[in-house]
Amino acid sequence: MSSFDFIIFIGYLIGTLYLSGTFFSKKRSPNSFILGSGKTPQWVVTLSIFATFVSSISYLALPGSAFATNWNAFVFSLSIPIAALITVHYFIPVYRRINSSSAYTYMEQRFGPWAKIYVSICYIFTQLMRVGTIIYLLALSINMILGWDITIVIIFTGAFVTIYSIIGGIEAVLWTDAIQGIILILGAVFCLAVIVYGMPGGLSQLFEIAIKVHIPKNTDKARFSIKIALIKIFK
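Residues numbered from 1 in each chain as written. Predicted model: local features only at pLDDT ≥ 70, side-chain atom pairs only at ≥ 80, totals over all residues. Heavy atoms only, no water.

Enquirer: Run through the overall build of the protein, naming residues and quoting values.
Expert: Each helix and strand counted, the protein has ten helices and zero strands in total. Along the protein, from the amino end to the carboxyl end, the secondary structure elements read α-α-α-α-α-α-α-α-α-α. Of all 235 residues assigned to the protein, the portion counted as buried reaches 20%. Counting only contacts in the protein whose residues sit at least 6 apart along the sequence, the fraction spanning at least 24 positions is 65%. Carbon and sulfur atoms provide 72% of the accessible area of the protein, an area that totals close to 17100 Å². (Helix = DSSP H or I, 4+ residues; strand = E, 2+ residues; numbered from the N terminus. Buried < 20%, exposed > 50% of the residue type's maximum accessible area, 1.4 Å probe, protein only. Contact = heavy atoms within 4.5 Å. Areas by Shrake-Rupley, 256 points an atom, 1.4 Å probe, with all protein chains shown as cover.)

Following this line, the structure appears as C-alpha cells:
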C-alpha cells in the first residue's frame, strides 16, 4: 500500500468515526437511537438499503461463482424489487398498526412469546453466518493484497463497525452506508471503464471473449443473436 492509499484509508476511518460522533452529540432517546429522528433524506435511506445488500459476497464470491458456473445467484437480485413491493404493501401497514418497527413484536402478539424467541434465534444465527462470511472474505482479500493478518483484520473490522454503530445509532449507520454505497457504485463504474479502456477492441472485445469462453462451439447460432447484436452495436 502506497502512502497515498494509506492516507485515504485512515482518512475514511476517521471520517466515519467523526460522522458517528456528530450524531452522538445530539440529544437523543432510546427510540431515536433505534429509529432515528425521522428527518433522514429518502435518498440516504435508499442508498443505505442498497449498501446493506451489497457486500464482499456480492463483489467477490458471486462474480467468481458466476464466471465458474452460472448466474443462478442473480435470480435473488431480481426478486428484491418484488419483495420490496410486497413489504411496502402488506408488512409496513401492519407495523404501523401495532405501533412497532419490529417484526418480532408482531410475532409475539400474533402467536405468543415462543414465536418471537424462535424467529429471533433463527435470525441471529442467519446473520452470524452471513456477517462471518462477509468479514472473512474482506479479510481474505486484504490479506492477499496487503499481506495483513486475517485474524487481525477480522477483529479490527468487527470492533470498528460495532463502535461507530453504538456511538451514532441508526442515523450514523444510514449515512455511512449511503456513503459506502456511493463509493461502491463509483468504484465499480471506474473499474469497468478501466478494464474496457485497456482492451484493444474495446467493449465489443469484451462480449467476444465472453462468447468464446462460455458458449459451446456446436450450439445453435440463433441463441446468441442478442450477444452478436450487442457486439455490432458497440463496434
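Enquirer: Explain the packing of aromatic side chains to me, and be specific about the residues and the numbers.
Expert: All chains considered together, the criterion is met by five aromatic pairs. Judged by centre distance (5.9 Å) and plane angle (65 degrees), the rings of Phe-9 and Trp-148 are edge-to-face. You can see Phe-9 sitting in helix α1 (residues 3–24) and its partner Trp-148 sitting in the loop between α7 (113–146) and α8 (150–198), a full 139 residues away along the chain. A relative accessible area of 29% places Phe-9 in the partly exposed class. Ring plane angle 90 degrees and centroid distance 5.7 Å describe the contact between Trp-43 and Trp-175, whose orientation is recorded as edge-to-face. (Phe/Tyr/Trp six-rings, centres within 6.5 Å; stacked < 30°, edge-to-face > 60°.)

Enquirer: An account of the confidence of the model for the protein is requested, with residue identities and associated values reported.
Expert: Across the protein, pLDDT averages 79, with 88% of residues at or above 70. Helix α10 (residues 225–234) is the least confidently modelled element of the protein, averaging 43 in pLDDT, while α7 averages 87, the highest of any element. Predicted confidence for residues 217–235 stays below pLDDT 50, and this span has 14 contacts to residues more than four positions away or in other chains. (pLDDT = per-residue confidence, 0-100.)

Enquirer: Account for the packing of α1 against α8, naming residues and giving values.
Expert: Here α1 crosses α8 at 95 degrees, and the two axes come no closer than 8 Å. In terms of orientation, α1 lies roughly perpendicular with respect to α8. Looking at the contact of α1 with α8 residue by residue, the classes come out as 15 nonpolar, six polar and one charged. (Axes fitted to C-alpha atoms, helices over the stretch in contact; angles between N-to-C directions. Parallel < 35°, antiparallel > 145°, perpendicular 65-115°, else oblique. Nonpolar A, V, L, I, M, F, W, Y, C, P; charged D, E, K, R; others polar.)

Enquirer: Can you explain the pattern of salt bridges? Please cite residues and give values.
Expert: Counted under the stated rule, the structure contains one salt bridge. Across the pair Glu-108 and Lys-116 runs a salt bridge whose closest N-O atoms are separated by 3.4 Å. For Glu-108, a relative accessible area of 32% puts it in the partly exposed group. Lys-116 gets classed as partly exposed once you look at its relative accessible area, which sits at 30%. (Salt bridge = Lys/Arg side-chain N within 4 Å of Asp/Glu carboxyl O.)

Enquirer: Explain α1 to me, using residue names and the numbers behind them.
Expert: Along an α-helix, residues three or four apart share an orientation, since each turn contains 3.6 residues. Its 22 residues give α1 an end-to-end C-alpha distance of 31 Å, which sits within 8% of 32 Å, the value for a rise of 1.5 Å per residue. Every buried residue of α1 is accounted for by Leu-13, Thr-16, Ser-20 and Phe-23. Buried residues of α1, viewed axially, fall in a sector of 95 degrees; they line one side. Away from its buried face by more than 90 degrees, α1 exposes Ser-3, Phe-4, Ile-7, Ile-14 and Tyr-18. At its buried positions, α1 is contacted by α8. (Expected span 1.5 Å × (residues − 1). Arc of directions from axis to C-beta.)

Enquirer: Run through a nonpolar patch on the surface, naming residues and quoting values.
Expert: On the surface, a nonpolar cluster with roughly 760 Å² of combined accessible area is contributed by Ile-117, Ile-121, Tyr-123, Ile-124, Phe-125, Leu-128 and Met-129. By the element assignment, Phe-125 lies in helix α7. (Patch = residues over 30% accessible without salt bridge, like charges linked within 9 Å, V, L, I, M, F, W, Y side chains within 5 Å.)

Enquirer: Go over the packing of α7 against α8, please, and point to the residues and values.
Expert: Orientation of α7 relative to α8, taken along the N-to-C sense of each, is 130 degrees, at an axis distance of 9 Å. Put simply, α7 runs oblique to α8. Where α7 crosses over α8, the two elements pack in a sense that is right-handed. Contact residues: Ile-135, Tyr-136, Leu-138, Ala-139, Leu-140, Ile-142 and Asn-143 in α7; Ile-150, Val-153, Ile-154 and Thr-157 in α8. (Left-handed = near helix turned anticlockwise from the far one by under 90°.)

Enquirer: Before we move on, could you go through the side chain of Thr-176 and cite the residues and values that matter?
Expert: Position of Thr-176 among the secondary structure elements: in helix α8. When its relative accessible area of 2% is taken as the criterion, Thr-176 is described as buried. A distance of 3.1 Å separates a polar atom in the side chain of Thr-176 from the backbone oxygen of Val-173. Those residues in contact with Thr-176, other than ones at most four positions away along the chain, are Thr-16, Leu-19 and Tyr-164. (Polar contact = N/O pair within 3.5 Å; in protein donor to acceptor, adjacent residues only side chain to side chain.)

Enquirer: Break down the side chain of Glu-171 for me, citing the residues and quoting the values.
Expert: If you trace the backbone, Glu-171 turns up in helix α8. Discounting residues that sit within four places of it in the chain, Glu-171 has contacts with Phe-23, Gly-36, Ser-37 and Thr-40.

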